[in-house]
Structure formats: C-alpha cells, structure tokens
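Topology and contacts: notes
Here are the chains, one letter per residue:
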Amino acid sequence: MEESRSHSESCSCRNTNCVERPLRRLFEGLGSSVAACPWPFVLLPLLLSGGLGAGFIFLPQRQANDIEEQFTPTEGPAKAERDFVRRYFPTDDSQSFSATRLPTEGAYAALIAVATEDKSVLDSAAWSEVLKLDEAVRASDYETLCARNAADGACSSPNPLLQLAAPQNLTYPVNGTSFLGTALGGVRTDADGQVVSARALKLMYYLREDGPEAVKSRQWLESFLKEFPSQLARMNFTAIQVTYFTSLSRQQEFEGNTKTTIPLFSITYFLTITFSIVSCLRLSCIRNNVWLASCGVLSAGLAVLSSFGLMLFCGVPFVVTVANAPFLILGVGVDDMFIMIAAWEQSSRRKEKSNVKSLLAETYSEAALSVTITTLTDVLAFFIGTWTAFPSVRSFCLYTGTAFVFCYIYTMTFFGAVLVLNHRREQGERHWLTCMPVGGGEGQAESCLYKACCIGSCSGHSSQPDSEHPMTIFFKKYYGPFFTNKWIKPLVVLLYAAYLGGSIYGCIQIREGIDLRNLASDDSYVGPFYDDNEEYFSEYGPRVMVVITESVDYWNETVRLGIENCTQDLEDISYVDQKLSESWLRVYTALGNAGWVNLDNKTSFLNNLTLLFHIAPSFKWDINKTEDEIRASRFFIQTVNVTSAVDEKNLLHELRERARQCSVPLLVYHPAFIYYDQYLVIVQNTIQNVVVAAGAMLLVSLLLIPSPLCCLWVTFAIASVIVGVAGFMTFWSVNLDSISMINLVICIGFSVDFSAHISYAFVSSGESSANGRAIEALSLLGYPVLQGAVSTILGVVVLAAAKAYIFRTFFKIMFLVILFGALHGLVFIPVFLTFFGNFGRLPYITKSKKFELSYRKESP
C-alpha cells in the first residue's frame, strides 16, 4: 500500500501534483483555523474594508477622464510630432490666427445648418436664417474672445461665404482664394464646376486659447452649451435644422457617462442577490441558505470597496472604464460562493457526524484549490493587461485585478466564517430568519401548516440535504447521456466547425479603433452633429501639415528638387488631392523663375522672404528662420475620402512611410493623428497581452492541475474562446479598441474557469468508459458551471440598457465570453474528450484517492 501511495503521489509526466498536493494541505489547515474561531475572520474583513474604503475621499482628485490621455497610446508618434510643431511654429491667435496651422483642434463652437425638405442652404430663405444664426452667436460676446486674422485684425470668419454679399456664382471646392470643401456640404455642381445647390453649411467659431484668454474662452463655451439649445428653440427656424458641437463637448459628454450607470448598480445587486437566494433556497427553514447567499454577495461588495479604496489611496487614476469593474466582480464573487457552498454540502453529506473543523477543512481542500486556480488566472490576466500603451486599460486592469485578489481573500476568510456560523445555527435547529429555535414546547402538537412553513416537512422531521440537487440529476440522467450519444457527437463536431468558421471570418473582418462619437451617450446632442458632419462633410479630410524638421540648404537647387519630389510623392497617395496643396516653397520658386529672386544665393534667398510674406502673409508662420538659416518649414496637403477607420489607418501609414523615404527629413502631422495612432498599436498590444496571458495561464494550469492533458484542453479552450469572441464581436458592431481590448484580456481568465473544471473532472474520473467519465464530469460540475455563467451574466446584463457605448460594449463582449466559455465547458470539451478514450487518465485512480478540481464525488 505504501509503495502504491508513494508512486501515485509522486510527480510524473501524467501526474504533476507537486504543487497541488501541498496546497490542499495548506487549505485544510486554513479551514480548520477558520472553523475553530470564526468571528475574527468575519470582523477583520469588515474593519479592513471600512478602513480602505476611506480612500474614496480621494476619488474627485483621482478622476482622470481626459480622452486624449486615456484613450490614445502613451508614446504615440503624433504626440512627439505635435511637440515639435509647437516648438518651431508657435501660434498667436490674438492677431495671426489660421485654423489649418493649429497644433491642436483649437477652442471652438461648431454649427451645421442643413436645409429642410431637401432644399439648398443657399436659397434665400435658408440663407436668411443662416445669417440670423450667425448674428445670434456673435451677440453673445463672441467678438471679445474670438481668434483674429493677421490681415485686418478682425475675427476669423466662421465660414468664407459669410464675407460675400450673396452666395451666388460659386465654384467648388475652391471659390477664388477660399477653400469651400469643409465649409459647404452636400454640394451639386454643373459641368463647369458652378455650384447648383448645397444641402449644408458649417460655421466654425474659433476662440483664443493662447495666454490668459484661454480660461475666458472655456467659460464662454460652457455658457454657450448651457444657453444655446434654448436660444435655438426660440429662433424657431423653419428653413434650416441646426446641430452644434464645441471643443469641450466630447470631454464633457464622456465624463457624464459614469453618472448614467450609477442607478444600474442597485439593479445589479438586486438581480444577483435574487439569483443567489433562489439558487440556495431550501424548503426547510432550518437548512435554508438565504443568509449564505446574501453574505456571498456582500463579500464581493466588500472586495470592491477595499480594492477601489486601496487604489485611490495609492494614487491610481480612476477612469470611466473602471466603473465596469464592480459588475464583473460581483458575478465572479458569486461564482466562488457557489463553489464553496456546493463543496460544503458534499462534505456535509459524507460526514454528517463530523465536527465543523473537519467539515470546513475538507471543504477548503476541495473548493479552495478551484477558487485559487480561477482567481490566479483572472488576476494574472488583468495584471498582464497593464502592459499596454493605453492608460485607460492600465487603470481598469489594476483596479479589477486588485479587486479579484480581495474577492479571493474574503471568500477564504469572511465567507468561510459565515459557513461555520450558519452551520452552528443549523445544529441548534434555529430558524434561518429569526434565529429562534424551531419547534413547540415539549408535549405540544404543531399543525401541519406550521411544520411545513418552519420545518419544511409535514412529518415534523427537518429535511436533510442528503439528496442530490434536481439539476445534478438532470445532468447525470438526461444532459450527459444526450451529448454522449453516438448520433449527437457528429452534430456537435459540425456545430464547432461552424462556430470556428464564423469566428475566423469575423476576425478577418474586424474593425480597429474607437469612434470618438461613441464616447458620448446615445441621447447626446453630439450624435446628430457627427451624423450631419459625416453625411455632408466627409469628402474632404484633414489638411495635413508636412514639416521639414531640420535646417537644409533651400538655396541649393538639388535640395529644392528633392523637396519637390517628396511633395509629389505624398500627393500621389490616393487619399490626397494634389490640386489643393499649399506650399510656400512652390510660390517662392515661381517668384524665382519669374526673375524676382535669386534662389541660388543664400543671402538673396533669405533676405527676399519678406517679398513672399508681403504676397502671402500666412506663409510667415510656415518658416522658422534665423539670420543665417531656416531651422524648419512646412507646407500643407489636402486629404480626401477619409471616411472610415480603415481609411484613417491606411492614410496615416502611407503618409509616414512616404515621409520616411524622402531624402529630406520630414514629419507629417494633424491633430487627428493623435487618435489615429491607436491603429499602430491596438492589434500589437492585444496580441501581445493575449499571448503572454495565455502562456501564463498554461503555466499556472501545469503547476496547479495535476494532469498535462487537462492543461492542453485548457489551452485549447483559451484559444478557441478568444477567436470566437474576437470574431463574433465584429458581427455585433464592436470595434477592436482600447475598450474591447480590456474584455479580450478578461476572456482569457474566464476561458480557464469553465474548461478546467470539466476537463480535470473527466481525466480524474474512475469510470471505465470515456462516455461514462464525461457523464460523471457533467453531473458533478455541469450545474456549478451553469450557475457561475448565469451569475456572471446577471452581474453585467444591466449594462445592456446603458446609454453609453463603453458600458454596452463591456456587456456585449462579456456576454460572448461567458456564452462561448460555457458552451465549451458544457458541450464541446465533454464531447471532444470522449474521442480520446483512456488517454491522459490519472494513474492509480481509486474512489478513496480521487481528486476533483472543485468537488469530490460522494463515496458509496
């Protein structure tokens, strides 16, 4: 016997329980300690949560919802390019404003007027209302803060057409010297390029953001957003419909998203508590586990309080995405509770006469390892997720990973102690609600109604938990045999093939990048503005700044030809309209070719730049010049038809690639590139996090699950679920962005949760046939896996009703993760395992020595 024991417990290629076995002994000791003295394990988590919860006083200081800071790559190239532009081309919007030369979006209020009834905004009735709209904005002290032109010191015109007496005989996209591509939308022209009609007109009111006027400009914009909607309603326009937006709108709407989710917390806790109570409900008023269910939910709530408080104490930024975490933690915490309760009841049925210390020790030896594996994999997934270029993802992973740690600690201490106290109540035959002894005085007879309500049986004998749960019977007698039927297995294989094919197709079609409109709620005024802007003003994209970053010899003809070749190379990109470029060097070269300037002489070249500035004053701001050199200069190219995330990605890649190939050092920049940079790293970051996390999961599985075959199936499930979630989120209109990347990291941990239970129960089964082992694994773990899936979905389902894209996306992907994880755990893996017969079975399996990941089967 001793030799057999030694051989079966030693590490081998088929039995890697070197870590698992001592951990079981450690958990047995912890269970005995909790059972011996439960009250400290109840009170200490409560006191710790109260102390750490004080960190919430720092919440206002820790909130960091700056969109650029949180949702763009920390080391994005465009940020360095913007710094260069700011350093070499400083702006002065009090006397020399030019919107295209701004290194930022600027401070502005934007209005789009769309003609009603498919008419033209240039018709007299509509134009009259456009002029009234312009007068209304100017009347609100706009002209005291407006950005001003260099030519005449007047406010920068919100639309070049407003300077005309009447919008007639217009050419498009250039009318005289004015570019109308971004000012007039939905344009129809005749054969000669004359404007026949235009559906929309855009008004851009820029304010000063340089120097002390920046604060006043911000106050003006805030006042505009408060007052303009009512003012617009009073004007009662009939010929035009107006949508509006400001440089503050996106940020303000994004920050307001959290407030809309606060009411959902109470609904989530109600649903979760209700589900937990129903799952733990018993007919006996003594054996009822209502308090266990409630304390399980409370344990998850304490974990949120403790982790968030600790992170706030440590100064970790609190981002809107972190508001998703409590919903997730609640579902996972309840899942751990179900594992503990089920293991406790299994131990109770086997050892009815045992003391509470041995019961809890056995419960911990069986359930704690399962909870440890799932928690460790989840925590690893989140902490690996902090290796990202997106601060919003980093904050979410830190808060949530820490919350999982506290959830685990409180499950092992607080909830274990509650199990002991509840057991004492049951042993004392006390009512679950009142804790009063159940039963009348000696010799007194109780009615059948009293016995049924307070004892659970008309016979007067308290019902004992000695029968199997109805769902366990369902999985054993119906569900398991159905899926192990020889005719059903091929259908399951076909179903998996269809799932895998659809997933791979979806991955090929995946869309990258976050749409900035999605940062606002659905009912925001921002949405209609974005819709009008996309419908009428998407033909012409960003006007890109091309900067020569070093001092070069412009007076050298070879250098000038090199710059011209680079310019033409950039203009050859399909997204660029070469007729709309603006280059000071081309104008200056034309002057030289006309004999006005000697371009080949350095002194003449530098001294005669004043002639160029006299002809085109704006060019003065495109040249950073000292007495004897030009340190940097820039020109502009106009992009077209940049209408999708794919176009934005391709445009940025082609521009930067052509700039790198140029013989002259170039950089390309536009403020929108700050957001385009996410395309450069989002896929790379996602793959990096997924691969590293999956490797960590495999390592943890090999250490803690004593079966290499089981670990292989866990790895298979991780890969399969990730591919499924990534593919099917495309069909659900979810892009691959920093928000969905968070959920793909979560996906890894949950894939382990579902697959590890079933696969290990299969390989450790004592049944002789593969079908029998699959049925036994499902009967033992099918219901707990289903409970865990339902509880997690209930934790996030209310987010489906959220008005903000961030929270709905979290629900969508979590739903896919849980659905596909449960589908693998309850359908695909049990069927696939039956094809491998006895391969991978643990050696020397006996009914007395058999381990299970979550529960031990009742011995006969």
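1. Digging into the overall build of the protein
The number of helices and strands found in the protein is 29 helices and 11 strands. Burial analysis of the protein (860 residues in total) assigns 56% to the buried set. In the protein, the proportion of contacts linking residues at least 24 apart, taken out of those at least 6 apart, comes to 79%.

2. Topic: a nonpolar patch on the surface
A cluster of nonpolar side chains, namely Trp 39, Leu 43, Leu 44, Leu 46, Leu 47 and Leu 298, defines an oily patch on the protein surface of about 620 Å² accessible area. The leading source of residues in the nonpolar patch is helix 3 (residues 38-53), at five residues. With respect to the element layout, Leu 43 can be found in helix 3.

3. Some words on the nonpolar core
A general feature of soluble globular proteins is that nonpolar side chains tend to end up buried together. Counting residues in hydrophobic clusters, the biggest one holds 261 residues, and the most contacted among them are Leu 111, Tyr 554, Trp 584 and Phe 605. For this core, the element with the highest residue contribution is helix 29 (residues 805-834), accounting for 19 residues. In this structure Leu 111 touches Leu 133, Val 137, Leu 201, Lys 202, Leu 203, Tyr 205, Phe 224, Phe 228, Val 242, Thr 243, Tyr 244 and Phe 529, once residues within four positions along its chain are discounted.

4. Structural notes on the state of the cysteines
All chains considered together, the criterion is met by two disulfides. Cys 146 shares a disulfide with Cys 155; S-S distance 1.8 Å. Where Cys 146 bonds to Cys 155 through sulfur, the torsion about that S-S bond is close to -70°, and the disulfide is left-handed. Like Cys 155, Cys 146 is buried. Residue pairing for Cys 566: its cysteine sulfur links by disulfide to Cys 662, the two sulfurs lying 1.8 Å apart. Judged by the torsion about the S-S bond (95°), the Cys 566/Cys 662 disulfide is right-handed. Of this pair, Cys 566 sits in helix 19 (residues 557-571) while Cys 662 sits in the loop between helix 23 (645-661) and strand 11 (666-669), placing them 96 residues apart in sequence. Assessed through its relative accessible area of 10%, Cys 566 is described here as buried. Residue class for Cys 662 comes out buried when judged on its relative accessible area of 11%.

5. Some points on helix 11 (residues 290-313)
For helix 11, spanning 24 residues, the distance from its first C-alpha to its last is 35 Å, which sits close to the expected 34 Å at 1.5 Å a residue. Most of helix 11 sits out of view: 17 of its 24 residues are buried. Just past helix 11, the residue Gly 315 takes up positive phi, approximately 85°.

6. A few points about the pairing of strand 6 (residues 240-246)
Across the seven residues of strand 6, six count as buried, placing the element largely inside the fold. The pairing of strand 1 (residues 107-115) with strand 6 spans seven bridges and is classified as antiparallel. Among the inter-strand pairings, Val 114 is bridged to a residue of strand 6, identified as Gln 241.

7. Points about the packing of aromatic side chains
By convention here, two paired aromatic rings are described through the distance between centres and the angle between planes. Summed over the entire model, instances satisfying the criterion amount to 56 aromatic pairs. Consider the rings of Phe 529 and Tyr 530, whose centres lie 6.5 Å apart with planes at 75°: the pair is edge-to-face. Across the pair, Tyr 530 and Phe 529 agree in class, each one buried. Sitting over the ring of Phe 537, Lys 202 keeps its end group 4.8 Å from the ring centre.

8. Some remarks on the packing of helix 11 against helix 14 (residues 391-427)
In helix packing, the relevant descriptors are the interaxial angle and the interaxial distance, both defined with respect to the helix axes. Contact geometry of helix 11 with helix 14 gives a least axis separation of 7 Å together with a crossing angle of 145°. Two packed elements cross with a definite hand, and for helix 11 against helix 14 that hand is right-handed. For the contact of helix 11 with helix 14, the residue count by class is 19 nonpolar, seven polar and no charged.

9. A short note on the pairing of strand 7 (residues 540-548)
In terms of residue burial, strand 7 counts as a mostly covered element, since nine of its nine residues are buried. As judged from the seven bridges shared by strand 7 and strand 10 (residues 630-640), these two strands associate in the antiparallel manner. When the sheet's bridge partners are listed, Tyr 540 is paired in strand 10 with Val 640. When strand 7 meets strand 11, the two strands line up antiparallel, connected through four bridges. Across the sheet, Ile 548 pairs through a bridge with Leu 666, a residue of strand 11.

10. Regarding the pattern of salt bridges
Enumeration over the complete set of coordinates arrives at 24 salt bridges. Asp 118 serves as the salt-bridge partner of Arg 199, at 3.7 Å between the closest nitrogen and oxygen. Of this pair, Arg 199 sits in strand 5 (residues 195-207) while Asp 118 sits in the loop between strand 1 and helix 7 (124-138), placing them 81 residues apart in sequence. In this structure Asp 118 comes out as exposed when scored by relative accessible area, which is 67%. A salt bridge links Asp 600 to Arg 560; the nearest nitrogen and oxygen atoms lie 3.0 Å apart. Placement of the pair is Asp 600 in the loop between helix 20 (584-593) and helix 21 (602-607) and Arg 560 in helix 19, with a sequence separation of 40 residues.

11. Observations regarding the sheet that holds strand 6
Pairing is antiparallel in the open sheet, where four strands are placed in the order 4-5-1-6. This sheet does not close on itself; its edge strands, each paired only once, are strand 4 (184-189) and strand 6. In this sheet, neighbouring strand axes are inclined to one another by 20° on average, regardless of whether the strands run parallel or antiparallel. Of the strands in this sheet, strand 1, strand 5 and strand 6 are in contact with helix 7, which crosses strand 5 at around 0°.

12. Focus on the environment of Val 137
Within the element layout of this structure, Val 137 appears in helix 7. Exposure remark for Val 137: the relative accessible area of 2% places this residue in the buried category. Taking C-alpha positions, Val 137 is 8.7 Å from Phe 224, a pair spaced 87 residues apart along the chain. The contact partners of Val 137, leaving out residues within four places of it in the chain, are Leu 111, Tyr 142, Tyr 205 and Trp 220.

13. Re helix 8 (residues 213-235)
Within helix 8, the axis deviates most sharply at Glu 227, by approximately 40°, and proline Pro 229 lies no more than four positions further along. Three or more residues of helix 8 are buried, namely Ser 217, Trp 220, Leu 221, Phe 224, Leu 225, Phe 228 and Leu 232. Buried residues along helix 8 sit against strand 1, helix 7, strand 5, strand 6 and helix 9 (249-255). Looking one or two places after helix 8, you find Asn 236, whose phi comes out positive at around 50°.

14. Brief notes about unusual backbone geometry
Of note, the amide linkage connecting Tyr 172 to Pro 173 takes the cis form, showing an omega dihedral of 10°. Checked against the element boundaries, Pro 173 lands in the loop between helix 7 and strand 2 (174-175). Despite not being glycine, Glu 117 has its phi angle at roughly 55°, a positive value. In this fold, Glu 117 is placed in the loop between strand 1 and helix 7.

15. Quick look at the side chain of Ser 604
Along the chain, Ser 604 turns up in helix 21. Judged by relative accessible area, which is 16%, Ser 604 ranks as buried. A distance of 3.2 Å separates the side chain of Ser 604 from the backbone oxygen of Asn 598, its partner in a polar contact. Filtering out sequence-adjacent residues up to four positions away, Ser 604 remains in contact with Tyr 588, Val 597 and Asn 598.

16. What about the packing of helix 2 (residues 20-36) against helix 14?
Where helix 2 meets helix 14, the closest approach of the two axes is 9 Å, and the angle between their N-to-C directions is 50°. By the angle between their directions, the pair helix 2 and helix 14 is classed as oblique. Two packed elements cross with a definite hand, and for helix 2 against helix 14 that hand is right-handed. In this structure, helix 2 contributes Phe 27, Leu 30, Val 34, Ala 35 and Ala 36 to the contact, and helix 14 contributes Tyr 408, Met 412, Thr 413, Gly 416, Ala 417, Val 420 and Arg 424.

17. Describing the confidence of the model for the protein
Residues with a pLDDT of 70 or more make up 89% of the protein, whose mean pLDDT is 84. When the criterion is pLDDT under 50, residues 440-444 qualifies, and its contacts beyond four places in sequence or with other chains add up to two contacts. Of the regions scoring below 50 in pLDDT, residues 843-860 engages in 62 contacts with residues more than four places distant in sequence or in other chains.

Conventions adopted
Residues numbered from 1 in each chain as written. Predicted model: local features only at pLDDT ≥ 70, side-chain atom pairs only at ≥ 80, totals over all residues. Heavy atoms only, no water. Helix = DSSP H or I, 4+ residues; strand = E, 2+ residues; numbered from the N terminus. Buried < 20%, exposed > 50% of the residue type's maximum accessible area, 1.4 Å probe, protein only. Contact = heavy atoms within 4.5 Å. Patch = residues over 30% accessible without salt bridge, like charges linked within 9 Å, V, L, I, M, F, W, Y side chains within 5 Å. Areas by Shrake-Rupley, 256 points an atom, 1.4 Å probe, with all protein chains shown as cover. Salt bridge = Lys/Arg side-chain N within 4 Å of Asp/Glu carboxyl O. Core = buried A, V, L, I, M, F, W, Y, C linked by side-chain atoms within 4.5 Å. Disulfide = S-S within 2.5 Å. Expected span 1.5 Å × (residues − 1). Pairing = 2+ DSSP bridges. Phe/Tyr/Trp six-rings, centres within 6.5 Å; stacked < 30°, edge-to-face > 60°. Lys NZ or Arg CZ within 6 Å of the ring centre and 35° of its normal. Axes fitted to C-alpha atoms, helices over the stretch in contact; angles between N-to-C directions. Left-handed = near helix turned anticlockwise from the far one by under 90°. Nonpolar A, V, L, I, M, F, W, Y, C, P; charged D, E, K, R; others polar. Bend = angle between axes of the 7 residues up to and from the residue. Polar contact = N/O pair within 3.5 Å; in protein donor to acceptor, adjacent residues only side chain to side chain. Parallel < 35°, antiparallel > 145°, perpendicular 65-115°, else oblique. pLDDT = per-residue confidence, 0-100.

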